[in-house]
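Residue strings, one per chain:
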Amino acid sequence: MPAVGGMPAGGMGVPARNNQQGPPGSNLFIYHIPVTWTDDELVQCFSPFGTVVSATVFKDKITNQSKGFGFVSYDNAVSAQNAIAAMNGMQIEGKRLKVEIKKPRGPYGQ
């Protein structure tokens, strides 16, 4: 388990930018993120598997705490598959992460 804290955003020397998607098959949906996590912790946890181009933790607008899910995008699909293999089911802060490829939205946002 990589340490959380102290690592530059984006890992591998590339800063992560929020809301940027990678190529098809390289965008992950992460469930059960600890409520204390920020985008930086998400980057630090997932950057050992490749270059993170975007990492976003969705937060409650009132409490500013994680809603328990977020997205990570890599610059390639191999990094995303490596992250799934390593992080899916990983227990962090009492929560077991669920990591999967982000499903594309339908033409009407469905």
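Residues numbered from 1 in each chain as written. Predicted model: local features only at pLDDT ≥ 70, side-chain atom pairs only at ≥ 80, totals over all residues. Heavy atoms only, no water.

## Considerations on the nonpolar core
Right, so step 1: Leu28, Ile30, Leu42, Phe46, Val72 and Tyr74 are the most contacted members of the largest nonpolar core, which totals 21 residues.
Right, so step 2: Within the residue set of this core, elements represented by two or more residues are strand S1 (27-31), helix H1 (39-46), strand S2 (52-59), strand S3 (66-74) and helix H2 (77-87).
Right, so step 3: Once residues within four sequence positions are removed from consideration, Leu28 is found in contact with Phe46, Gly70, Phe71, Val72, Tyr74, Ala80, Ala83, Ile84, Val99, Glu100, Ile101 and Lys102. (Core = buried A, V, L, I, M, F, W, Y, C linked by side-chain atoms within 4.5 Å. Buried < 20%, exposed > 50% of the residue type's maximum accessible area, 1.4 Å probe, protein only. Helix = DSSP H or I, 4+ residues; strand = E, 2+ residues; numbered from the N terminus. Contact = heavy atoms within 4.5 Å.)

## Some words on the packing of aromatic side chains
Right, so step 1: For the structure shown, the criterion picks out 5 aromatic pairs.
Right, so step 2: A ring pair is formed by Phe58 and Phe69, whose centres lie 5.1 Å apart and whose planes are at 15 degrees; its orientation type is stacked. Remark: Phe69 occurs in strand S3 and Phe58 occurs in strand S2; sequence separation between them is 11 residues.
Right, so step 3: Considering the side-chain rings of Phe58 and Phe71, the 5.4 Å spacing of their centres and the 80 degrees angle between planes classify their relative orientation as edge-to-face. Note that Phe58 is positioned in strand S2 and Phe71 in strand S3, a separation of 13 residues in sequence.
Right, so step 4: The partly exposed category is assigned to Phe58, whose relative accessible area is 33%.
Right, so step 5: Owing to a relative accessible area of 21%, Phe71 belongs among the partly exposed residues under this scheme. (Phe/Tyr/Trp six-rings, centres within 6.5 Å; stacked < 30°, edge-to-face > 60°.)

Treat this as a map of the structure, not an account of what it does.
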